[in-house]
Amino acid sequence: MRVKDKIVILTGAASGIGRATAILLGKEGAIQVLSDVDEKGLEETLQLLKKGRDRAEIMKVDVTDSSQVKKMIDYTYKKYGRIDVLIANAGVVRVGPVEDFPDEDYDLLINVNLKGTYYTCKHAILYLKKQRFGSVVTLASVAAHIGQVNHANYCSTKAGILGFTRALALDLAPYGVRVNSVSPGATDTPMLVSDVRKQARERGVDYEVVRKEFEEEGVLKRWATPDEVALGILYLASDESSYTTGSDLRIDGGWTTR
Ligand SMILES: NC(=O)c1ccc[n+]([C@@H]2O[C@H](COP(=O)([O-])OP(=O)(O)OC[C@H]3O[C@@H](n4cnc5c(N)ncnc54)[C@H](O)[C@@H]3O)[C@@H](O)[C@H]2O)c1
């Protein structure tokens, strides 16, 4: 087991990549605090944990609310006396041309993707520094590396995650804490499906047409499964990546190699 008895905090665990990660880390022996705003989705994730269900608990936490995030982190540290792995996965996507972009959607992107990641790390740092070990994994995206049509605001949040992750890796290295990001490409989750649906609607074309375009972006010509991304997160969470910090793992089917 690759993360046996490691204490893991994971945000955005009710769906997609977060859910797949919870299931994989459960199989690999982790003790998990799984959080999300979506309580029903969290319950479903818990039910899907074939292994490690009795070692996982779910918690409704909105990552845009600093005090809720702090409560989750404090609770975990008090209960287990350490935080081995912190995965800031919760995220949202909103797309559209900048000139028409609703300001409330812009605020949501900043609040969930950037501030949510910042709060998740901020409240754990005191504990991580004190214990002098730990692995932090953030979720960037191909959108952090390349431009995507009508994704300027989403791209800016994900590029921000890359900068945040690199700089935090420098701050925490003297304390033996590693900080890395994962950049998924097109991954078959409710987030991407809704993104593709919206684009198809707006362009007046079939869902399958836009889906195919996304598939063509990678050199592997298909979407990733959430499990394929979860495997990368597991690697960074585990001690197998003990010499890796400040790096970004691109799991993008070759999208950014062109
Ligand atoms: N799916 C992709 O193609 C793709 C590509 C690149 C990066 N990503 C990133 O991967 C991460 C996971 O995305 P996914 O595809 O699994 O999406 P998803 O929509 O399936 O899951 C995201 C989860 O985050 C939760 N969430 C949203 N706002 C929240 C908040 N304020 N507080 C707590 N939880 C909140 C949602 O309820 C949901 O359960 C995101 O950071 C996303 O930006 C996804």
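Everything numeric in this text was worked out from a predicted model, so none of it was measured.

Student: With reference to specific residues and values, describe the overall build of the chain.
Tutor: The number of helices and strands found in the chain is eight helices and seven strands. Relative to a compact globule of 258 residues, whose C-alpha radius of gyration would be 18 Å, the chain shows 17 Å and is just as compact. Across the 258 residues in the chain, those meeting the buried criterion constitute 54%. Counting contacts in the chain only where the partners sit at least 6 residues apart, residues at least 24 apart contribute 71% of the total. Carbon and sulfur atoms make up 53% of the accessible area of the chain, which totals about 11,800 Å².

Student: Provide a residue-level description of the site of the ligand, including the pertinent values.
Tutor: In the vicinity of the ligand, 30 residues are found, and the nearest of them are Ser15, Ile17, Asp36, Tyr154 and Thr189. Within the contact set of the ligand, an oxygen atom lies 2.8 Å away from a side-chain nitrogen or oxygen of tyrosine 154. Glycine 185 places a polar main-chain atom, nitrogen or oxygen, 3.2 Å from an oxygen atom of the ligand. Computed on the free molecule, the ligand has an accessible area of 830 Å², of which 91% lies beneath the protein chains in the complex. Contributions of two or more residues to the shell around the ligand are made by α1 (16-27), α5 (152-172) and α6 (190-203). The two domains that each donate at least three residues to the shell around the ligand are domain 1 (7-185 + 226-251) and domain 2 (186-223).

Student: Go over the sheet that holds strand β2 (residues 31-36), please, and point to the residues and values.
Tutor: Spatially, β3-β2-β1-β4-β5-β6-β7 is the arrangement adopted by the seven strands of the open sheet, whose pairing is parallel. Looking along the sheet, the strands with just one partner apiece sit at the ends: β3 (56-60) and β7 (248-251). Each strand of the sheet is rotated relative to its neighbour by a mean of 15°, with strand direction disregarded. Along the sheet face, α1 touches β1 (7-11), β2, β4 (85-88) and β6 (177-184) and points at about 170° away from the line of β2. Across the sheet, α5 is in contact with β5 (134-139), β6 and β7; its angle to β6 comes to roughly 160°.

Student: Report on the domain arrangement of the chain, specifying residues and quantitative values.
Tutor: In terms of domain boundaries, the chain breaks down into domain 1 (7-185 + 226-251) and domain 2 (186-223). One C-alpha centre belongs to domain 1, the other to domain 2; they are set 24 Å apart. Counting residues at the interface gives 15 residues for domain 1 and twelve residues for domain 2. Between domain 1 and domain 2, a total of about 970 Å² is buried, with carbon and sulfur atoms accounting for 55% of that surface. Where domain 1 packs against domain 2, one counts one salt bridge. Notably, a salt bridge pairs glutamate 228 with arginine 222, separated by 2.8 Å at the nearest N-O pair. Taken together, the links from domain 1 to domain 2 amount to four residue pairs in polar contact (both at pLDDT 80 or more). Secondary-structure elements contributing two or more residues to the side of domain 1 that touches domain 2 are α1 and α8 (226-237). Per element, the largest residue contribution to the side of domain 1 that touches domain 2 is three residues, and it comes from α8.

Student: Just give me the short version of the environment of valine 196, but keep the residues and values in it.
Tutor: Here valine 196 is to be found in helix α6. By relative accessible area, valine 196 is classed as buried at 0%. When the C-alpha atoms of valine 196 and threonine 64 are compared, they prove to be 25 Å apart, with 132 residues separating the residues in sequence. Not counting residues up to four positions away in its chain, the partners in contact with valine 196 are Tyr207, Val210, Arg211, Phe214 and Trp223.

Student: Give me the packing of aromatic side chains: which residues, what numbers.
Tutor: Across all of its chains, the model carries four aromatic pairs by this definition. Ring centres 5.3 Å apart and planes at 40° place the aromatic pair tyrosine 118 and tyrosine 119 in the tilted group. Seen in terms of ring centroids, phenylalanine 214 and tryptophan 255 are 6.2 Å apart; in terms of plane orientation they differ by 90°. Their pairing is edge-to-face. Separated by 41 residues along the polypeptide, phenylalanine 214 in helix α7 (residues 207-217) and tryptophan 255 in the segment after β7 bring together distant segments of the chain. Take tryptophan 255: its relative accessible area is 7%, and that puts it in the buried class. In this structure, arginine 211 packs its charged tip against the face of tryptophan 223, placed 3.8 Å from the ring centre.

Reading the values: the criteria
- Residues numbered from 1 in each chain as written.
- Predicted model: local features only at pLDDT ≥ 70, side-chain atom pairs only at ≥ 80, totals over all residues.
- Heavy atoms only, no water.
- Helix = DSSP H or I, 4+ residues; strand = E, 2+ residues; numbered from the N terminus.
- Rg over C-alpha atoms; globule rule 2.2 N^0.38 Å.
- Buried < 20%, exposed > 50% of the residue type's maximum accessible area, 1.4 Å probe, protein only.
- Contact = heavy atoms within 4.5 Å.
- Areas by Shrake-Rupley, 256 points an atom, 1.4 Å probe, with all protein chains shown as cover.
- Near = heavy atom within 4 Å.
- Polar contact = N/O pair within 3.5 Å; in protein donor to acceptor, adjacent residues only side chain to side chain.
- Domains from an automatic or database assignment.
- Pairing = 2+ DSSP bridges.
- Axes fitted to C-alpha atoms, helices over the stretch in contact; angles between N-to-C directions.
- Buried area = accessible area lost by both parts, 1.4 Å probe.
- Salt bridge = Lys/Arg side-chain N within 4 Å of Asp/Glu carboxyl O.
- Phe/Tyr/Trp six-rings, centres within 6.5 Å; stacked < 30°, edge-to-face > 60°.
- Lys NZ or Arg CZ within 6 Å of the ring centre and 35° of its normal.

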